Amino acid sequence: MEKRIKGFSKLSKQAKMEWLAKAHLASPESGLALLESYMHQDPKVQKRHDEFIENTVGNYYLPFGVAPNFLINDKVYTVPMAIEESSVVAAAAKSAQFWMARGGFKSTIVSTTKIGHIHFMYAGDSAQIASLFAKIVPKLKEATAPITANMEKRGGGILDIQLKDKTEALKEYYQIEVRFETRDSMGANFINSCLEEMAHVLRSEAASDAATAQSTLEIVMCILSNYTPECLVCCEVSCPLEDMVEGTDMSATEFAQKFKRAVNIAEVEPYRAVTHNKGIMNGIDAVILATGNDFRAVEAACHAYAARDGQYRSLTHCSTENGTFRFWIEIPLSLGTVGGLTQLHPMVKLALEVLGKPNAHALMMIVAASGLAQNFAALRALTTTGIQKGHMKMHLLNILNQLEATETEKEIITAQFAKKVPHHAEVVNAFYDLRGIPNPSATH
Ligand code: MEV
């Protein structure tokens, strides 16, 4: 069947599903049945999901888990996580438990400023545009008054407006750089709306000013920046070195030193830093998704921040001075607990309720703790038993589920692999041996 289609977005949802199944699936009936089986039983809830995006043809489930016992600034949280990767939730819970017994996580908000830009080109003299800008700042602010009024009531608004001459980097390129405080909202719509209003003022004022009207001024775009190095949170754990007990043959001090070396490697070696930070993002993204925030924005900001001095480095740091083990993270997190999906997605609402309806500051601290906990668990495993032991336990379950093993078969095979790493082929062999049938994938 023809895979090109005109007017797809205008079709009804049912017609979209049918076309998709017929045009792309080997068995359209079973494909359609699968899509239908993933719809929410309450049509009102399903409609809400349908309307989050365009061309919805189904739901895509991710497991929703919780990591209890997160002690953050002396308050206990059960942290919701939406993630498909096995062992992330277990690792977070294990770390949370470990640090709960050692005073928990201490988190602080460093700053909450967000930045947006009007990117524009000006062909004239830079002194002329600077003089125009100085004159129109009050008008730029005035133009946004209808948008900022509500935000100001909540303690937010525009903090600062500056003209940036970027002509050394790119001929004729300037920015109006605006700083915002958006309180408990992530603020993307607010920021972009303010910038677009300001851009109208810039365009018309430049056209009616005797000096700047002689040269072309072109607004290229108005957009917030997802790089948020001024919206920063810190989180740390610490304990006496001798409390770093580990169920291995290493002493607590040896373990702490080895752990620190692993962090040091990620601070200087980008190949390791990317994997190290990916592990941190396992914890961060899972909470971001569960709480209806934008994980792409957070990913982009965190990785840019990790490379802020020109080399990509670890987002966490460690010290073992004066008999104390300290492990900390400093990351840019622009999050919201109002607006966006937070009031719309029923599971997001539930996740926020589980967290005690946090404001944006509290959520930033929780997310940072989750990233630090995840990194702690990964480095602890990597520097002691190796990562495969924990990973493969969950992996074993995934292999057995793929083979459609019964609960009893799962129990028997899990017991067989209790003390060894379950390599895929060995698990498959064990499964077919148990059923007493030949392994269809075995080579003879
Ligand atoms: C796997 O998803 C994450 C780790 O590779 C992180 C790390 O190596 O630090 C285990």
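Residues numbered from 1 in each chain as written. Predicted model: local features only at pLDDT ≥ 70, side-chain atom pairs only at ≥ 80, totals over all residues. Heavy atoms only, no water.

J.: Looking at this structure, I do not really get the overall build of the protein. What am I missing?
T.: Along the protein, the regular secondary structure elements total 15 helices and nine strands. Each principal axis of the C-alpha distribution contributes one length, and for the protein these read about 90 × 70 × 45 Å. Counted over contacts in the protein with a minimum sequence separation of 6, partners at least 24 positions apart contribute 69%. Charge centroids of the protein, computed over 44 positive and 48 negative side chains, lie 2 Å from each other. (Helix = DSSP H or I, 4+ residues; strand = E, 2+ residues; numbered from the N terminus. Contact = heavy atoms within 4.5 Å. Lys, Arg positive; Asp, Glu negative; His and termini not counted. Charge placed at Lys NZ, Arg CZ, Asp CG, Glu CD.)

J.: Would you mind going over the pairing of strand 7 (residues 231–240) with me for this structure?
T.: It is a general feature of regular strands that their side chains alternate between the two faces of the sheet. Along strand 7, seven of the 10 residues are buried, which leaves the element largely enclosed by surrounding structure. As judged from the six bridges shared by strand 3 (residues 106–122) and strand 7, these two strands associate in the antiparallel manner. What sits directly across from Thr108, in strand 7, is Cys234. Examined bridge by bridge, strand 7 and strand 9 (residues 324–332) share nine bridges and lie antiparallel to one another. Along strand 9, the bridge assignment pairs Cys234 with Glu330. (Buried < 20%, exposed > 50% of the residue type's maximum accessible area, 1.4 Å probe, protein only. Pairing = 2+ DSSP bridges.)

J.: Any chance you could explain empty space enclosed by the protein here in plain terms?
T.: Where empty space is left becomes clear once a probe the size of a water molecule has been rolled over the atoms. Within this structure, the stated rule accounts for three cavities of 30 Å³ or more. A volume near 70 Å³ is recorded for the largest cavity. Together, Met186, Leu224, Ser225, Asn226, Thr228, Ala297, Val298, Ala301 and Ser334 line the largest cavity. Classifying every residue of the lining of the largest cavity by side-chain character gives five nonpolar, four polar and no charged. Looking at the second largest cavity, its volume works out to about 40 Å³. Looking at the second largest cavity, the residues that line it are Thr112, Lys114, Glu181, Arg183, Cys231, Leu333, Ser334, Leu335, Ala360, His361 and Met364. (1 Å grid on protein atoms, 1.4 Å probe; cavity = no way out; pocket = protein on both sides within 12 Å on 5 of 7 lines; lining within 4 Å. Points joined across faces, edges and corners; volume = space filled by probe spheres on them. Nonpolar A, V, L, I, M, F, W, Y, C, P; charged D, E, K, R; others polar.)

J.: Sorry, what's going on with the pattern of salt bridges here?
T.: Close approach of charged atoms lets side chains of opposite charge pair. Per the stated rule, a full pass over the model turns up 18 salt bridges. Residue Arg296 is joined to Asp294 by a salt bridge in which the shortest nitrogen-to-oxygen separation is 3.4 Å. Where Glu407 meets Lys410, a salt bridge forms, and the shortest distance between an N and an O atom there is 3.0 Å. In this pair, Glu407 and Lys410 both sit in helix 14 (residues 407–416), three residues apart, roughly one turn of the helix. Beyond isolated ion pairs, a larger network of salt bridges with shared partners links Asp160, Lys164, Glu177, Arg179 and Glu230. (Salt bridge = Lys/Arg side-chain N within 4 Å of Asp/Glu carboxyl O.)

J.: Help me out: how do you make sense of the site of the ligand in this one?
T.: All residues adjacent to the ligand are Glu85, Arg272, Thr275, His276, Lys278, Gly279, Asn282, Ala378, Leu382 and Ile387. Between Arg272 and the ligand, the recorded distance is 2.7 Å, taken from a side-chain N or O atom to an oxygen atom. Put simply, the parts of the chain that give the shell around the ligand at least two residues each are helix 9 (270–290) and helix 12 (360–383). A total of six residues in the shell around the ligand trace back to one element, the largest contributor, which is helix 9. (Near = heavy atom within 4 Å. Polar contact = N/O pair within 3.5 Å; in protein donor to acceptor, adjacent residues only side chain to side chain.)

J.: Hey, could you run me through the layout of surface pockets in this one?
T.: Volume-wise, the largest pocket comes out at about 1,800 Å³. The wall of the largest pocket is formed by 48 residues, among which Phe52, Leu289, Leu341, His345 and Val348 lie closest to the centre. Counting residues per element, the ones that place at least two in the lining of the largest pocket are helix 3 (43–50), helix 7 (188–208), helix 9, helix 10 (295–306) and helix 11 (346–354). In terms of residues, the lining of the largest pocket owes the most to one element, helix 9, which gives seven residues. Class assignment for the residues of the lining of the largest pocket results in 25 nonpolar, 16 polar and seven charged.

J.: For this particular structure, what's the right way to read the packing of helix 6 (residues 145–153) against helix 7?
T.: Geometry of a packed helix pair, given as the angle between the helix axes and the separation of the axes. The contact between helix 6 and helix 7 brings their axes to 9 Å, and the two run at 145°. Of the two elements, helix 6 crosses helix 7, and the hand of that crossing is left-handed. Where helix 6 approaches helix 7, its residues Ile147, Thr148 and Met151 are matched on the opposing element by Phe190, Ser193, Cys194 and Glu197. When its residues are assigned to classes, the contact of helix 6 with helix 7 shows four nonpolar, two polar and one charged. (Axes fitted to C-alpha atoms, helices over the stretch in contact; angles between N-to-C directions. Left-handed = near helix turned anticlockwise from the far one by under 90°.)

J.: Is there a simple way to think about the side chain of Ser95 in this case?
T.: Within the secondary structure, Ser95 sits in helix 4 (residues 88–100). The exposure class assigned to Ser95 is buried, which follows from its relative accessible area of 0%.

J.: Teacher, can you tell me more about the packing of helix 9 against helix 12 here?
T.: Taken N-terminus to C-terminus, the directions of helix 9 and helix 12 make an angle of 135°; their axes are 8 Å apart at the nearest point. Classed by the angle they form, the pair helix 9 and helix 12 counts as oblique. Along this stretch, helix 9 crosses helix 12, giving a crossing that reads as right-handed. Listed contacts from helix 12 to Arg272, His276, Gly279, Ile280, Asn282, Gly283, Ile284, Val287 and Ile288 of helix 9 are Val367, Ser370, Gly371, Gln374, Asn375, Leu379 and Leu382. Its residues assigned to classes, the contact of helix 9 with helix 12 shows seven nonpolar, eight polar and one charged. (Parallel < 35°, antiparallel > 145°, perpendicular 65-115°, else oblique.)

That's the geometry; what it means functionally is another story.
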